[in-house]
Amino acid sequence: MLKSALLLAAEEKAHNPIIPDISELILGIVAFLILLFILKKYVVPRFEAAYEERAQKIEGGIEKAEKAQAEAEAALAQYKAQLAEARSEAAKIRDDARLEAEQIKAELRADAEAESQRIVAQGQAQLQAQKAQIIAELRADMGRNAVELASRIVGESLEDEARRRGTVDRFLAELDTAGAAGGAGK
């Protein structure tokens, strides 16, 4: 045992611990190159794909947000335009209704005036008819009274229809001329 410990001690003295063995150095370089190859061939493309996918998702999210914001602004502009159009349409409807009310009022006023004139004309026609009827009745009464008076004054009977009519017409004509001369003198 002592011999093997001495042998180990001698080998250790010959071997410097700071400088690695050539075989270990070659094995380390080959393992490093294999690891580098595997990383470059399989791991880096996956990392690149994941990075690209994430970058696209972020850019897509930003684009979607910008697109959504643009759509929202367009919808807001469209809403404002529709609101302005609705307000102008409401104002137009109000103006049309006001105009129509004025027209209806004017039509009703014209109808009322026409009805009033018709009623006045009808009343005047009735008045003229009544006046003519009263004048005819008065003439008939005056004619009878004139004939009766004339019969008494003259002393003869004026019962004959033709004579009586002539006398009445003459008397009424004299009354008309006397009334016209008296009315003109006033």
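Given the structure is predicted, the values throughout are model-derived calculations rather than measurements.

**Student:** Could you give me a rundown of the overall build of the chain, with the residues and numbers involved?
**Tutor:** Of the regular secondary structure elements, the chain holds 3 helices and 0 strands. Entry remark: accessible area of the chain is about 16500 Å², with carbon and sulfur atoms responsible for 62%.

**Student:** Which residues make up the pattern of salt bridges, and what values do they have?
**Tutor:** Where charged atoms from two side chains of opposite charge come close, those side chains can pair. Counted according to the given criterion, the structure contains 4 salt bridges. Put simply, D95 and R98 hold a salt bridge, and the shortest N to O gap is 3.3 Å. Of this pair, D95 and R98 both sit in helix 2 (residues 22-154), separated by 3 residues, roughly a single helical turn. Classification of D95 as partly exposed rests on a relative accessible area of 42%.

**Student:** Can you tell me about a negative patch on the surface, naming the residues and giving the values?
**Tutor:** A cluster of acidic residues, E48, E52, E59, E63 and E66, forms a negative patch at the surface. Along the chain, E63 falls in helix 2.

**Student:** Give me the lowdown on the confidence of the model for the chain, citing residues and values where you can.
**Tutor:** Per-residue pLDDT for the chain averages 83, and the proportion of residues at 70 or more is 80%. Confidence, read as mean pLDDT per element, is least for helix 1 (residues 2-14) in the chain (59) and greatest for helix 2 (89).

Thresholds, definitions, all that
Residues numbered from 1 in each chain as written. Predicted model: local features only at pLDDT ≥ 70, side-chain atom pairs only at ≥ 80, totals over all residues. Heavy atoms only, no water. Helix = DSSP H or I, 4+ residues; strand = E, 2+ residues; numbered from the N terminus. Areas by Shrake-Rupley, 256 points an atom, 1.4 Å probe, with all protein chains shown as cover. Salt bridge = Lys/Arg side-chain N within 4 Å of Asp/Glu carboxyl O. Buried < 20%, exposed > 50% of the residue type's maximum accessible area, 1.4 Å probe, protein only. Patch = residues over 30% accessible without salt bridge, like charges linked within 9 Å, V, L, I, M, F, W, Y side chains within 5 Å. Lys, Arg positive; Asp, Glu negative; His and termini not counted. Charge placed at Lys NZ, Arg CZ, Asp CG, Glu CD. pLDDT = per-residue confidence, 0-100.

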